[in-house]
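Chains, contacts and geometry: an overview
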Number of protein chains: 2
Amino acid sequence: MLSFDVVAREGLARRGRLKLNHGSVETPVFMPVGTYGSVKGVMPSTLEAMGAHIILGNTFHLWLRPGPDVLKRFGGLHRFEGWPRPILTDSGGFQVWSLGANAKVSEQGVAFASPVNGDKLLLTPEVSMQIQRTLDSDIAMQFDECTAYQVEGRVAGEDAVRRSMQMSLRWAARSRDEFVRLENPNALFGIVQGGMFESLREESVDALAALDLPGYAIGGVSVGEPKQEMQRIVAHTPQRLPEHKPRYLMGVGTPEDLLDGVAAGVDMFDCVMPTRNARNGHLFTRFGDLRIRNARHKEDESPIDPTCGCATCARFSRAYLHHLDRCGEMLGPMLASQHNLFFYLDLMRQVRESLEVGGFAEFALAWRSDRRRGV
Amino acid sequence: MLSFDVVAREGLARRGRLKLNHGSVETPVFMPVGTYGSVKGVMPSTLEAMGAHIILGNTFHLWLRPGPDVLKRFGGLHRFEGWPRPILTDSGGFQVWSLGANAKVSEQGVAFASPVNGDKLLLTPEVSMQIQRTLDSDIAMQFDECTAYQVEGRVAGEDAVRRSMQMSLRWAARSRDEFVRLENPNALFGIVQGGMFESLREESVDALAALDLPGYAIGGVSVGEPKQEMQRIVAHTPQRLPEHKPRYLMGVGTPEDLLDGVAAGVDMFDCVMPTRNARNGHLFTRFGDLRIRNARHKEDESPIDPTCGCATCARFSRAYLHHLDRCGEMLGPMLASQHNLFFYLDLMRQVRESLEVGGFAEFALAWRSDRRRGV
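Keep in mind it's a predicted model, so treat the numbers as computed, not measured.

So, the packing of helix 10 (residues 255-263) of chain B against helix 14 (residues 331-356) of chain B
Residue and element names in this part refer to chain B. Put simply, helix 10 and helix 14 touch, their axes get as near as 11 Å, and they point 30° apart. With respect to helix 14, the element helix 10 is oriented roughly parallel. Along this stretch, helix 10 crosses helix 14, giving a crossing that reads as right-handed. Taken together, the residues of helix 14 that come into contact with helix 10 (itself represented by Pro255, Leu258, Leu259 and Val262) are Phe343, Tyr344, Leu347, Met348, Val351 and Leu355. Class assignment for the residues of the contact of helix 10 with helix 14 results in 10 nonpolar, no polar and no charged.

Take a look at the structure:
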């Protein structure tokens, strides 16, 4: 059950509203990542307060722990993790890609040994749909093969990328069939593959569009390719996806990448960067990025970002965050994650507002210029 | 600047109100421990919301990091750590005790190598007072020697304990002199030592009372002695302290220990137990303690404690906390710390309410019986 309305446009960029079974999502949107059923270091109540509309979960990881029996008992992921708003779950394709040589890919699916207990497991489009049905995620992703950019140190050639992309298409059809068979009341998104080859991306887009799914994602980017390669695909593919369906750019990226994506017609983003960087003391600010470990912050009474409206910047100084980092105090990553996520969510809020008044291009220009200034 | 009023009594137990420079504290009170300027895993806003009136900081640790220069720049610990309510700072005596053989104790003070950078440092009563002045803690503790229960595997004898206690008395006078010289506008507490010897405890009490300090603590308990030994001293010493001054039992203890302390006339408590145990998956409940790692919680939909009013129990199940623990997710210790601290603070709230109506003995009896039931 899903509807998507584009309420304003500027160039290729769109301001939209997504209606899902657990609530509405204003787009363009950034979705915090909660792989194991928890956005690392952030309370769900804090996520709600900072305006997160939808978060991610991961089919692969939640299949292994806590496992389908526990999730069934809770009637899905929402109640289990105490998050009443929408959830999107990745299908497991990307995690299988991360397993590398430890996974055996065949037409049927992916065989691998559980990294938790060594059990031999087989993840197929059908299994992925069954788990996502159990999770009751508002948006389920098709099971796909996330095509590698490099294989054994060499950039994957066009034939190999085509074979992978075409298998993902067959898996899309199998995912859709199983999704329908399970009478899943939520939405299924297809995933465009095709590596860095525009022609393959177009072939993937056309074949997926023919399946008439409720939404589409661009996968297989941010997988080790040079930045310009990613930018080329982000500029190429989104606009070719069906006009009236939401478009999701998977696993991307820096704040600037998000602006690129919006300009290219993307509606949804996710990335571990705000939380992972926070845990490494890498903080985002309006005037560039800041390494809290740097000795120059030792006595700095100013907040991370004086222009920021987050709860961390309202109460704590760089010197305090520097101190927490040096002492290895858990509160350090907690406060940093809160700030970085707010930064991403607030950026998207500003993007949405600018789109509503036709001022996105201007906003993005000024914003990029601020960020280049340096902090 | 400090006043203390006893507003109700029941046996030796007292219900009081402590007025400090940064606010009032209702007693009996439990004080969460924020050694390095952070109560581990809990936001200050969360501590405020759950009703913490006063928290601890540690002179020794904050002297090493971030150091006095940073703290001076912030005008003290309150602004540095974003905590506007009262703060009590331990003097460093206990930490010196923890250093064991790496510290050299003399009449002058304690010489040791910084565990952070190896610098040779000397902590004296005067230095401790100077740091606590810089910290601007509402309650400064005298510098003392926390008398060891055992030395090199043998229980310390009466002569050794007396020598240590008497040096702490001389350090109390030096602490008081330096506190006055620095024109510290806050309150200085003395610390009773004397090990497990009632006569030495009484000697310490009498000598400290003669100094007419604003408050007194019982130190040198919970330092490795058998439980009954601690209980004997807790039953003995508090009632012998000046009637109209607040009494603080340092580093104690389990919820049941707190009830023992209140019954013996103690007004203030601190302990790392709620937060440390939380990080180890040891959770307090009305009907006994619970190990969240235990496999029996894997599918348990109930909250940690169905009778608990904390934000963790309002939203999350044992199964979810078990899952977070298994996955090593930071949210696990965050939610557990929030629960355990609430449990301690709420226990003291109930104790205060019972004292107001003369129902403490009855409350404590019923509460202990509930706890013995098992969860």
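Points about the sheet that holds strand 6 (residues 87-90) of chain B
Within a beta sheet, neighbouring strands are joined by backbone hydrogen bonds and run either parallel or antiparallel to one another. Residue and element names in this part refer to chain B. Judged by pairing direction, the sheet is parallel, and its 8 strands sit side by side in the order 4-16-15-14-13-10-6-5 without closing on themselves. Only two strands of the sheet have a single neighbouring strand rather than two, namely strand 4 (29-31) and strand 5 (55-58). Here the average twist between neighbouring strands, direction ignored, is 25°. As defined by bridge partners, strand 4 adjoins strand 16 (residues 268-270) across 3 bridges and the pair is classed as parallel. Bridged to Val29 within strand 16 is Met268.

Details of the packing of aromatic side chains
Summed over all chains, the structure comprises 20 aromatic pairs over all chains. Here Tyr320 of chain A and Phe80 of chain B contribute two aromatic rings whose centre-to-centre distance is 5.2 Å and whose plane-to-plane angle is 85°, an arrangement assigned as edge-to-face. Here the residue Tyr320 of chain A occupies a position in helix 13 (residues 318-327), and Phe80 of chain B occupies one in helix 4 (residues 77-81), the pair thus bridging two chains. Ring centres 5.9 Å apart and planes at 20° place the aromatic pair Phe284 of chain B and Phe343 of chain B in the stacked group. Remark: Phe343 of chain B occurs in helix 14 and Phe284 of chain B occurs in strand 17 (residues 282-285); sequence separation between them is 59 residues. A relative accessible area of 2% means that Phe284 of chain B is categorised as buried. The rings of Phe30, Phe284, Phe343, Tyr344 and Trp367 of chain A are connected pair by pair, giving a single aromatic cluster. Its end group placed over the ring of Phe342 of chain B, Arg349 of chain B keeps NZ or CZ at 5.5 Å from the ring centre.

Topic: empty space enclosed by the protein
Within this structure, the stated rule accounts for 4 cavities of 30 Å³ or more. Put simply, the largest cavity is a space of about 60 Å³. If you trace the largest cavity, you find it lined by Tyr320 and Leu331 of chain A together with Gly37, Ser38, Val39, Val42, Pro44, Leu47, Ile55, Glu81 and Trp83 of chain B.

Thoughts on helix 6 (residues 125-135) of chain B
Of all the positions in helix 6 of chain B, only Pro125, Ser128, Met129, Ile131, Gln132, Thr134 and Leu135 of chain B are classed as buried. A positive backbone phi angle near 55° is found at Asp136 of chain B, which sits one or two residues after helix 6 of chain B.

Comments concerning the packing of helix 7 (residues 158-181) of chain B against helix 8 (residues 198-210) of chain B
Residues and elements named next belong to chain B. Where helix 7 meets helix 8, the axes come as close as 10 Å, and the angle between the chain directions of the two elements is 10°. Regarding the angle of helix 7 to helix 8, the classification is roughly parallel. Side by side, helix 7 and helix 8 meet where Glu158, Val161, Arg162, Met165, Gln166, Leu169 and Ala172 of the first sit next to Ser199, Leu200, Glu203, Ser204, Ala207 and Leu208 of the second. In terms of residue class, the contact of helix 7 with helix 8 is made up of 7 nonpolar, 3 polar and 3 charged.

Cut-offs and rules
- Residues numbered from 1 in each chain as written.
- Chains lettered and ligands numbered in written order.
- Predicted model: local features only at pLDDT ≥ 70, side-chain atom pairs only at ≥ 80, totals over all residues.
- Heavy atoms only, no water.
- Axes fitted to C-alpha atoms, helices over the stretch in contact; angles between N-to-C directions.
- Helix = DSSP H or I, 4+ residues; strand = E, 2+ residues; numbered from the N terminus.
- Parallel < 35°, antiparallel > 145°, perpendicular 65-115°, else oblique.
- Left-handed = near helix turned anticlockwise from the far one by under 90°.
- Contact = heavy atoms within 4.5 Å.
- Nonpolar A, V, L, I, M, F, W, Y, C, P; charged D, E, K, R; others polar.
- Pairing = 2+ DSSP bridges.
- Phe/Tyr/Trp six-rings, centres within 6.5 Å; stacked < 30°, edge-to-face > 60°.
- Buried < 20%, exposed > 50% of the residue type's maximum accessible area, 1.4 Å probe, protein only.
- Lys NZ or Arg CZ within 6 Å of the ring centre and 35° of its normal.
- 1 Å grid on protein atoms, 1.4 Å probe; cavity = no way out; pocket = protein on both sides within 12 Å on 5 of 7 lines; lining within 4 Å.
- Points joined across faces, edges and corners; volume = space filled by probe spheres on them.

Everything listed is a geometric property; what it means functionally is a separate question.
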